[in-house]
Every structure is written in C-alpha cells, then in structure tokens.
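Report on the structure
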There are 2 protein chains.
Amino acid sequence: MERDPNGSLRAECRFPDRYNGDKVFEGHIVDIRGKSTTPGRIIVRDGTIAAIEPLEKEPDNAPFLLPGLTDAHIHIESTMLTPVNYSLTAVAHGVVNSVSDPHEIANVLGVPGIDYMIENARATRFNCFFGMPSCVPSSYLETAGASIDAARTAELLRRPDIWYLAEMMNYPGVVGADPEVTGKIQAALEAGKPVDGHARGIEGDELRRYAAAGITTDHECATLDDALERIAAGMKIIVRDGSAARNFDALADIIDMYPAQSMLCSDDKHPKDLLEGQIDQLVRRGIARGISVWNLLLAACINPVEHYGLPSGLMRPGDKATFIAVDNLHDFNVLHTVIEGHVVYSCAHGVDRGELLLHEPSGARPNIFNAQPITPADISLNPATESVKVIGVHDGELFTPCLVLPVASLKQERVAKIVVYNRYGRSTPKTAYIKGFDLSRGAIAASVAHDSHNIIAIGENDADICSAINALIASKGGMAVADAAELLVLPLPIAGLMTDEPAERVAAASHSLEAKVASLGCTLHSPFLTMAFMALPVVPALKITDRGLVDVTKFDFTTIEA
Amino acid sequence: MERDPNGSLRAECRFPDRYNGDKVFEGHIVDIRGKSTTPGRIIVRDGTIAAIEPLEKEPDNAPFLLPGLTDAHIHIESTMLTPVNYSLTAVAHGVVNSVSDPHEIANVLGVPGIDYMIENARATRFNCFFGMPSCVPSSYLETAGASIDAARTAELLRRPDIWYLAEMMNYPGVVGADPEVTGKIQAALEAGKPVDGHARGIEGDELRRYAAAGITTDHECATLDDALERIAAGMKIIVRDGSAARNFDALADIIDMYPAQSMLCSDDKHPKDLLEGQIDQLVRRGIARGISVWNLLLAACINPVEHYGLPSGLMRPGDKATFIAVDNLHDFNVLHTVIEGHVVYSCAHGVDRGELLLHEPSGARPNIFNAQPITPADISLNPATESVKVIGVHDGELFTPCLVLPVASLKQERVAKIVVYNRYGRSTPKTAYIKGFDLSRGAIAASVAHDSHNIIAIGENDADICSAINALIASKGGMAVADAAELLVLPLPIAGLMTDEPAERVAAASHSLEAKVASLGCTLHSPFLTMAFMALPVVPALKITDRGLVDVTKFDFTTIEA
C-alpha cells in the first residue's frame, strides 16, 4: 500500500467494482486455517458471497480480504453508547459481530431492558448477538431494578434472538447445585445454546465441577496458569483487554499454545478507548509480540463464530458477504468493512451511516429513576465510637480492606464520604467513609454502579455530594462532578447507563469529567470506574450498597462503628 | 523601581516599617489637587493617619502614596461574587471603596437581599457603600421576587448603612412627577443622601427636568455630547467601562474637560474581567491616552469620596489610614493597598486574607427558587399562522427588532426557542422564537436575567432547553449549558445570582461555559449577557418575560402569531 506523506494509509477508493449488478471485491483472499493467501475476487450478489474466483495475475496494491472480527464478550452498556452508536465505532475497527451480554440493563430494567437492546440493534446491519444475563440481581445485599428467575430465563433462552446464557458469576450456586442456578444452565443446554463462565478465583476441583456443569468459556483469567487450568478443564479462554481489566499481555501466549481454544474480547470498554481500537488493536499488538497472525485470526475471526454459532459466516461461497479488507497481515490496518455486501466503513471516507443503518433507531429511552433530591441532613454521619470503619481503596484493585481510623484523624487522612442511594424506589441514602480518592474538595456521582446501578457518590463535603446526586436525579442518570463553582454532568438517560449521543461526544464529555476530577486532587487512574465497583458486595472486604455497609467477609451488613 | 528580568515589578517588601508601635510608610506623598509629590512618611496609629512628615532626603526606589481608588458604581451581584470575595479581588487593584447598588438582589429578595449584602460585607475591611435600589420591581410586565414602595424606601434611606438612592431608571416617572417616584427622591434628599441617575436616551428639556428633580449623576452616557449635555444640566458623569457597556474610550476626554465632575465605574463586571483590572486599569488607560494623571486621580480617588460623603478619607492627617502605593504615576502599578492601617494587598505576596477580613462571613445563602422541573410539552409552540414574530438579536445591542418569518423557514434561519420561566412561584413557562444565537445544537439557561431574574433559556431543541432549566432548578440558580452529551452548570445558590466561591474558580467555570457555548455554534461575544437582557421589557422592540411576549413599542403583551 502507498502511504501519504504523513504516514497514514492511502486507501483503495475503487472498492468494490461492479459488474452486471454484482459487487466485486478484488484482493488477496486470506485462508486463515490454511495459513495462506491467494489473489482472488469475491463476487457478491444480494448480500451473499456468490463465488470466490482466483485471479490470473497478482493484483497491484490490493488489500487482504478475510472474515470480519468478533468481539467475543462485551457489555455494550459499558460503552455508554446505544447498540446503534456502538456499531458505528465497531465497524471502523473491522469488528462485524459482538457477543453482547446485556447484564447491566437487565439489572436495571429486567426483560424490557434486554428487549430495548435487541430492538435498538435491529436498526443496524452490524450484528449484536445478545445473551441472556444469568445473574439478575447479582446479590441480595442490594436493591436492583429487576429480578429474573430460572423459569423466565428458560423462556427467554428459547427465543431465536437470545444466543447464549451469559457469564455465570454465581459459582457457589453452580458448584453447590443451587436449583435456580442449575435450572438456568440446564435451560440453555436444552435450547442448544452455550453457557459463558465468569470464573475469577476458582481452581482445582471447584473449577472442574464448574466446567462440568456445562460452562464452556471464561474471560476472567489474569494469568497464564489460570488459562491453562481452564483449558485442561475443557473451557475456552476469551482473552480480555478492556478499559478496566487488561489481561492481553499476561495471556497472549495462550493463543499460540491453544489457538482453537482462544477468543478475544473487550468486556468493558469506554468510548475514548473504543475510538482508539478494539479487536483490531489486539491483533496488531499480538503480531507485534510475535504471536502467529494465523492463530490471532483464528481467535479473532473464526473461533467465536463457530463457538456461538453466529450466522455471519466465514467468507465462504454461500456465506453472507460479511468480511473486511486490511492493508496487509503485518500492519493490519482496516481499510474496509463489508456487512452483507454493504461497504459500511472505508478508511478514506469513514463510516457510511447510510450503508450501516437499516433505519433510524426509535429514540426510546427506557429508564427507572424514582429517587428524590436529598439534602446534607440525609447523609450526615455521627459515629458513636472514637474509631470508625473506612473502605480502603487502592488504584486498580477491586479488593477494599476495612481500615479502622480514629474519627479525629479522618480529615488529615483525606477520608471522604461515600453514599449509595436506591434509585428505583423511595428510600434513604446510606453513607459511610472511604479513603483513597484524595479529593481536596468537591464530589463525584454516577448511576453506573455494579451491579444494581443505584446512585453512588463520593465527596469531600456534603453540599457537593448532594449537588452531584441531585444533578443525576434531574438528568435521570449519568455521571457528575460537583465542586461548588462548577457542576459537570454527562447525562445517561437510557436506563441511567447509556446515552443516544455519538461516541465522539460521549468521549469528549467523559474526558471533561475526568479532567475535572483530577483537578480536585484525585490521582486514581479511573475514578468513576473505581467508584462503580464500591457497591459490588461480592469482592471483599468492606463495601456499601443502598441497603447499608457490607462486611463481605461475612456476607452481612455492618455498622461504621469500629 | 527595579524590575525583574521578566519585566514585572520588584515590590517593596519592607513596607511598612514600624517604630514604637506605629506603622510608618515612606514614599512620595501624592498631592492630587496640588498636582505634586513630596518625599514623606505616613505615621499610622490605631488605623488612623497620625501624621505625615516630610523626609529630609529623596528616598530610593520609594513608592508613590495616594488615596485609594473608588469604583463609583458597581453591582457586586454582576460579578457573581459575594461582597467578601469581591473585596478580595478589588483590593488587588488598589480599589478601597465601592459605591454598590444592590439592585439585582433587591429585585429577587427585597430588603432581606440588601441586608444580606450589608451583613456579608461587614466581614471585610474593604468598604462597600450600599445604596437603596430605586426600582424594585423594574416594570409591571414581569414577575419579580419583591416590591419596595416609596414608604419603605424612605425608611431604609434613613439607615446609616444606606448611603444613597441608586440609579433612578424610571425617567417617565421622574419627569411626569409620579408620586411614588418623587416620593423616593424626596426621601433621599431629606435624609441628606445623593440620588444617582440612569438617564440613557434622555435629552433636552426632559433631561433638565430629570436633573432638576435632584438627580446628580449619570453612568449611562455613550457619547461625549451626552456627557456634555448632562454636565450642562448640573449632573456629574461616571465614566463606565464594564464587561458589557464599555464607554471609557468615548468619554475619557470629559475627565480633562470637567475634572471636578468626573468619576469612574465598572457597573457590571464579570469575574474574569475583574481579575484583569478595575479602576486601576482605567487610570492606566487614561494615562496612555494622554489624559492628565492628576485629573484621572481626581476622578478615581477624590470625587466619589466627596460626592457620596464616604468616610474612608483622603489620606490627610486625621483621616483613616486608607491609601495605596503605586510604582510611579506613569505605569501606575499598584504595589500595596492599605485599609485602616492594614496592608491588605502587596504585589509581592498577593492579598492578605487575614489582614483584609475581620471574620469569616456567615455562609448564609438567601434565595427564592420555587419553580418546578419542566418537560418538553411545557414549551411546545404551535403557531396558528404561517408567519410568526421572532426576536431579532444583534451582537452588542440591547435593541431587538421584531422579525416576521414564515414558520417553514425557521429551521433554515437558525431560529431558536426562548423560554422565560417564573422562578418565584408556580406558573407555566412562556415560550417564543429568537434569531441570532445560531445554536446548531444544545441550549443555554440562566437565573440571571434583568431585572427580575427569572429563569431564561435559549435552545435549538426542547430536550436540551428542559435539561438546562431543570439543572438550574436543581442547583437553585446559576448558568447552564446543555447539549445531550454534556451538561455544565455554574451554580449561583445565593439569590440565584451569586456564589460564595472565589473569583478565580468562578472565572474558570464561567470560561468553561462560554467555551462550550461557542462549540455549539454561537458566535455572540457574550451569549449569557445578551440572553440576560432578552427579558428586560423596557428596551424595544420585542422582548419576553415570565408573563409573555412583550411588544415594547406598545408596552403591552402580544402573541407569536404575525
């Protein structure tokens, strides 16, 4: 390929040619399993590959044609984008399929949330293959917006637009054969649909029993040993590299060791990171590390399609004409993305919205947000002891030790208040102490808080905490930073999790928020992400939910008094 | 004076010396009326000038000592700062007195608003001399938060902490001898207090009758002819240069022509501009224009003190020790500000909060904000005609023509919606069309809207208008910009006009808001300021208040139908 003087790629603009109503795409046909390329042309008729013909002579400057990339596990809600707007960024990275778990919106809205995602995604040619969330709610120590039992799960798993049972986090339930849990897994197997795992920290006999229950993937490995043990137990590894958990560097070698058992995924990815790269970026990083490009492409293009039985095809005659063109197999820059014969992206002209979308999405904004504004009196704390329990935060870790600090030292130790406030009904906010955010002033708040997505806020003073929380209530969800002289809000009016604004604007707004939080003294890498996990009462030791402070080691509520 | 390598001043850090408990300030004693300087020392005892003694020999690198500067007309509310925080910026510009009209807060809160300003200012050694607002409310075409009649005005004018009757805008009432209006003026004259004018656009016989009623100043002149006619009528000219109205260049010559009749003022000044300069800046600009520094100092230091009878003195033995030190009478950089013997500012160390403040202010935040959140249905417009009336906006002009445009052309003409919503009680928002803000998306809203300070908003779409307005309701006032992906608010919880945050933070927040508005396509120089005048139904031709669209030429309500 030629390059512009500034080093960027000069894209093929004549792509595709047309003959007699067919679209013809010429290039090097990539045979991933055969580990070879051959000059050829793909003839597309009615969105399907009619034929792939060899070319007589080596074409000049031709792209390499291969099946599109699949993100094998992503929560689209974490991008804060609607499925349609997510698809507008994904295709620019050569991604044509997403195996998407609507876990977050299901915990907020239940089945209508899942239906919203499916309905919205119908507007795009991009393929969002949704799973059935397995854990709604995630725990009974907090108030979620919905509850979906085994019977209802079984019903949904029979639907053709539900492709798999999504990450089964309740491993004690699996191993202990809890009937609700095994009922869900059984329903998936009976419907012929795979069951995804979420097996963080499980090993040995428990892990083998977890896999034997019918769970066939895990995207939570942090080390190569984790991955090898799971492969030995019969599971496949989805190597994850998102905005929060980044495991690619630790796990990449598994792709060359077990290419048939490997896939790639984003899991949780923020709009700014998503704009920079997705599965294409992982393929490039893998090539740069010296991993076989053929194995990387197996993991990125073929394995997920076969594992989940996705109907997007593998660029064979008779398959849907869904494939991508890249510059070469070393640089792996995506030049074109083709879905069912439509060139939805070309690197010279960007995403073609008209080609990608079948129609404009409906504009629906389902949500449940019934919390009422609060005042400082609602979040006052008057501990009855001289020392109190404080949630300890370390950057990049979900584990939060229970610190015990004298009340007299809290200011000096930069201890802030943390508030969780049920957004679904009428209740009172719950308040505790937290150390590690180092806010010298101001407060942050969000309605994205795993897994129940109640309102969570952390602040140096009560007035700013209230103003951040009340701003979220006014916008029916979002992320906010308040310090007395300025209030910034990124509204997320869809389930309090997503906005229907485009990725670029959401990334810009999100960047403004983060810059503002940094200006308040917080040095955490991702303060909103870190905060979002402070209400997840499954990771020890001290957490807080809308129902109160939780001693996770005892799986029970506790008090601030030490 | 020595200068640093980077050109800034090397300040006198030994200032003042101390002998036997007295503070001694050495320098060139400036005799403004005598147009001369003499080496001398000011001996300060108990906050008063005990003596001014000549120095035997010319001191080296000594500053020039002169009475402090007075801002002869300022609405502190327009700075969005509390009197205390305003004083922290004013003293850095050598300003020691402000003749302050609490017109804005009086229209929101009535007498308790005036009392709040006086009470807050008691915490600072800086001298805020408050006047009695003469026009509360300003007109009966809108709903203000308060009404103050002649009897109550007379009562307040008898108080020692009320120094004058502030800008009398109701000139038809003065000229037509409306008993309420003349009652107020009479009360001021009986209390021995001056009456300020506001005589925009009045001339000839009307002007002479206006002056003859006892009105002795005008700060609304735009041309030298205006100023000369007022001087001929017996009035003094307060040359204004604020953030909005900037008349200094047009009027500066009056200072050399009529030095005894001239004063200087800011009127409305935003925090960013205030941080850059105040009366000191006008003196520097005047010197640079070739105006006599002695006449400038008469206008800046002496005339207002004498006109309003301010007790801060004129740097004579027996006066309060309130004066400033500048580097010289050409560059006029303020080195030190001394109030009643306390060095409250030095250019080397900045403002000394401990010296300036007598105690911390109370933290009270009086306000009236009873409006309830709105939805797009509340601001829909369904004109019954093919053409509609549209408020026409031209940058920098308060005059707004009544345009008539076909409904079908509104989008193409970038016509936006404008909403005014009574914030004091329960009511419905009033909506009309406006052209000139050129928003390609988003909305702006504020609770600063002359003179009744209801909520005003302008936006390209209803959803953003509602979200900007509802954000203001949540923060009980302020300024907001909403576009779907981002919401920025500068909360103004004191009367919906002010914040108790420091000037630097308010300036930064205000800058963020303005940058965001510019990013939405608006090219107006000061969009919030321009919007704030769209609800002032005294400037023709078409305006809107919380009670409806106003045809100012007829002083009556009208409809959007053309």
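Residues numbered from 1 in each chain as written. Chains lettered and ligands numbered in written order. Predicted model: local features only at pLDDT ≥ 70, side-chain atom pairs only at ≥ 80, totals over all residues. Heavy atoms only, no water.

1. What about the overall build of chain A?
Secondary structure assignment for chain A yields 17 helices and 28 strands. A compact globule built from 562 residues should have a C-alpha radius of gyration of about 24 Å, and chain A, at 24 Å, falls within 12% of that. Each of the three principal axes of chain A carries a C-alpha extent, and together these read 85 × 55 × 40 Å. By residue count, 61% of the 562 residues in chain A fall in the buried class. (Helix = DSSP H or I, 4+ residues; strand = E, 2+ residues; numbered from the N terminus. Rg over C-alpha atoms; globule rule 2.2 N^0.38 Å. Buried < 20%, exposed > 50% of the residue type's maximum accessible area, 1.4 Å probe, protein only.)

2. Digging into the nonpolar core
Among the nonpolar cores identified, the biggest contains 299 residues, and Leu-264, Leu-297 and Phe-437 of chain A together with Leu-264, Leu-297 and Phe-437 of chain B are the most heavily contacted of them. Excluding anything up to four places from it in sequence, Phe-437 of chain B contacts Val-393, Ile-444, Ile-458, Gly-521, Cys-522, Thr-523, Leu-524, Pro-527, Thr-530 and Met-531 of chain B. Core analysis: the second largest hydrophobic core is formed by 42 residues, Ala-443 and Leu-472 of chain A together with Ile-374 and Ala-468 of chain B among them. (Core = buried A, V, L, I, M, F, W, Y, C linked by side-chain atoms within 4.5 Å. Contact = heavy atoms within 4.5 Å.)

3. Some details on the sheet that holds strand 12 (residues 236-240) of chain A
All names here are of chain A. Reading across the sheet, the five strands line up as 9-10-11-12-13 and stay open at both edges, with parallel pairing between neighbours. Edge strands, defined here as strands with exactly one partner in the open sheet, are strand 9 (165-168) and strand 13 (262-265). Here the strands of the sheet are splayed against their neighbours by 30° on average, with no regard to which way each runs. Pairing geometry for strand 12 and strand 13, over four bridges, is parallel. Bridged to Ile-237 within strand 13 is Ser-262. Across the sheet, helix 13 (residues 293-308) is in contact with strand 10 (195-197), strand 11 (215-218), strand 12 and strand 13; its angle to strand 13 comes to roughly 95°. (Pairing = 2+ DSSP bridges. Axes fitted to C-alpha atoms, helices over the stretch in contact; angles between N-to-C directions.)

4. Details of the side chain of Asp-451 of chain A
Residue and element names in this part refer to chain A. Relative to the assigned elements, Asp-451 resides in the loop between strand 22 (443-446) and strand 23 (455-459). Here Asp-451 is buried and forms no salt bridge, its nearest opposite-charge partner Arg-200 lying at an N-O distance of 9.6 Å. A polar contact is formed between the side chain of Asp-451 and the side chain of His-103, at a distance of 3.2 Å. A distance of 2.6 Å separates polar atoms of two side chains, one belonging to Asp-451 and the other to Ser-138. (Lys, Arg positive; Asp, Glu negative; His and termini not counted. Salt bridge = Lys/Arg side-chain N within 4 Å of Asp/Glu carboxyl O. Polar contact = N/O pair within 3.5 Å; in protein donor to acceptor, adjacent residues only side chain to side chain.)

5. Side note on the pairing of strand 16 (residues 342-346) of chain A
All names here are of chain A. Counting buried residues along strand 16, five of its five residues qualify, which places the element largely inside the surrounding structure. Relative to strand 16, strand 15 (residues 334-339) runs antiparallel, the two being bridged by four bridges. Its bridge partner lying in strand 16, Thr-337 is registered against Tyr-345. Between strand 15 and strand 16, which pair antiparallel and follow one another directly, the connecting turn spans two residues, one of which, Glu-340, has a positive phi of 45°. Relative to strand 17 (residues 350-351), strand 16 runs antiparallel, the two being bridged by two bridges. Within the sheet, the bridge partner assigned to Ser-346 lies in strand 17 and is Gly-350. The hairpin formed by strand 16 and strand 17 contains three residues between the paired strands.

6. Considerations on the environment of Asn-333 of chain B
Mapped onto the elements of the fold, Asn-333 of chain B is located in the loop between strand 14 (323-326) and strand 15 (334-339). Under the relative-accessibility criterion, Asn-333 of chain B is labelled partly exposed at 22%.

7. What about the confidence of the model for chain A?
Residue and element names in this part refer to chain A. Residues at a pLDDT of 70 or more form 98% of chain A, whose mean pLDDT is 94. Between residues 1-13, whose pLDDT stays under 50, and residues either more than four places distant or in other chains, the model counts 29 contacts. Per the prediction output, this complex has pTM 0.88; the corresponding ipTM is 0.82. (pLDDT = per-residue confidence, 0-100.)

8. Description of the interface of chain B and chain A
In this assembly, 17 residues from chain B lie in contact with 17 residues from chain A. Taken over both partners, the interface formed by chain B and chain A buries close to 1,600 Å², and the fraction arising from carbon and sulfur atoms is 58%. Across the chain B-chain A interface, the total number found is zero salt bridges. Applying the counting rule to chain B against chain A returns four residue pairs in polar contact (both at pLDDT 80 or more). Elements that contribute at least two residues to the side of chain B that touches chain A include exactly helix 15 (462-474), strand 25 (486-491) and helix 16 (503-519) of chain B. Ranked by residues supplied to the side of chain B that touches chain A, first place goes to strand 25 of chain B with six residues. Of the residues contributing to the side of chain B that touches chain A, the split by class is 10 nonpolar, two polar and five charged. For strand 25 (residues 486-491) of chain A and strand 25 of chain B, the ladder comprises three bridges, and the chain directions are antiparallel. Bridged to Leu-487 of chain A within strand 25 of chain B is Val-489 of chain B. (Buried area = accessible area lost by both parts, 1.4 Å probe. Nonpolar A, V, L, I, M, F, W, Y, C, P; charged D, E, K, R; others polar.)

9. Comments concerning the relation of the copies chain B and chain A
Of the transformation superimposing chain B on chain A, the axial component is 0.1 Å and the angular component is 180°, with the fit at an RMSD of 0.0 Å. One copy is carried onto the other by what is essentially a two-fold rotation axis. Residue Leu-488 of chain B of chain B places its C-alpha closer to the rotation axis than any other residue of that unit, at 2.3 Å. (Least-squares fit on C-alpha atoms with pLDDT ≥ 70 in both.)

10. Observations concerning the environment of Arg-152 of chain B
Residue and element names in this part refer to chain B. Relative to the helices and strands, Arg-152 is located in helix 4 (residues 150-157). Each C-alpha atom, one on Arg-152 and one on Ala-535, is 26 Å from the other, the two residues being 383 residues apart in sequence. At 2.6 Å, the side chain of Arg-152 forms a polar contact with the side chain of Glu-155.

11. Structural notes on the pattern of salt bridges
All names here are of chain A. Enumeration according to the criterion identifies 65 salt bridges over all chains in this entry. One salt bridge connects Asp-280 with Arg-284, and the closest N-O pair in it is separated by 3.3 Å. In this pair, Asp-280 and Arg-284 both sit in helix 12 (residues 279-289), four residues apart, roughly one turn of the helix. For Asp-280, a relative accessible area of 3% puts it in the buried group. On the basis of relative accessible area, Arg-284 is assigned to the partly exposed category, the value being 24%. Salt bridges sharing partners connect three or more residues here, namely Asp-115, Glu-119, Arg-122, Arg-159 and Asp-161.

12. Observations regarding the environment of Ala-364 of chain A
All names here are of chain A. Mapped onto the fold, Ala-364 is located in the loop between helix 14 (353-356) and strand 18 (387-392). The spatial distance from the C-alpha of Ala-364 to the C-alpha of Asp-500 is 9.3 Å, given a sequence separation of 136 residues. Leaving out residues up to four positions away in the same chain, Ala-364 has contacts with Tyr-116 and Ile-494.

13. Quick notes on helix 15 (residues 462-474) of chain A
With 13 residues, helix 15 of chain A extends 18 Å between its outermost C-alpha atoms, agreeing within 8% with the 18 Å of an ideal straight helix rising 1.5 Å per residue. Taken as a whole, helix 15 of chain A has its buried residues at Asp-464, Ile-465, Cys-466, Ala-468, Ile-469, Asn-470, Ala-471, Leu-472 and Ile-473 of chain A. Where helix 15 of chain A is buried, its residues meet strand 20 (415-421), strand 22, strand 23, strand 24 (478-483) and strand 25 of chain A together with helix 15 of chain B. The N-cap residue of helix 15 of chain A is Asn-461 of chain A: its side-chain oxygen and the backbone nitrogen of Ala-463 of chain A are 3.2 Å apart. Immediately beyond the C-terminal end of helix 15 of chain A, within one or two residues, lies Lys-476 of chain A, with a positive phi of roughly 55°. (Expected span 1.5 Å × (residues − 1).)

14. Quick look at the packing of helix 12 of chain A against helix 13 of chain A
Residue and element names in this part refer to chain A. At their nearest, the axes of helix 12 and helix 13 sit 9 Å apart, and the two run at 160° to each other. In terms of orientation, helix 12 and helix 13 fall into the roughly antiparallel class. Relative to helix 13, the crossing made by helix 12 is right-handed. Of helix 13, the residues touching helix 12 (which contributes Ile-279, Leu-282, Val-283, Gly-286 and Ile-287) are Val-293, Leu-296, Leu-297 and Ala-300. Grouping the constituent residues of the contact of helix 12 with helix 13 by class yields eight nonpolar, one polar and no charged. (Parallel < 35°, antiparallel > 145°, perpendicular 65-115°, else oblique. Left-handed = near helix turned anticlockwise from the far one by under 90°.)

15. Regarding the side chain of Ser-78 of chain A
All names here are of chain A. Tracing the sequence through the fold places Ser-78 in the loop between strand 6 (69-74) and helix 1 (83-90). There is a polar contact of 2.5 Å between the side chain of Ser-78 and the side chain of Asp-268. With residues near it in sequence (within four places) discarded, Ser-78 still touches Asp-268, Lys-269 and His-270.

16. A look at unusual backbone geometry
In this structure, Ala-541 of chain A follows Pro-540 of chain A across a cis peptide bond, with omega equal to 0°. With omega at -5°, the peptide bond leading from Val-136 of chain B into Pro-137 of chain B counts as cis. You can see Pro-137 of chain B is positioned in the loop between strand 8 (127-130) and helix 4. With a phi angle near 65°, Met-80 of chain A is a residue other than glycine that sits in the positive phi range. The phi dihedral of Ala-495 of chain B is positive, around 60°, even though this residue is not glycine. Looking at the element boundaries, Ala-495 of chain B is found in the loop between strand 25 and helix 16. Look at Ala-495 of chain B and you get buried, because its relative accessible area is 0%.

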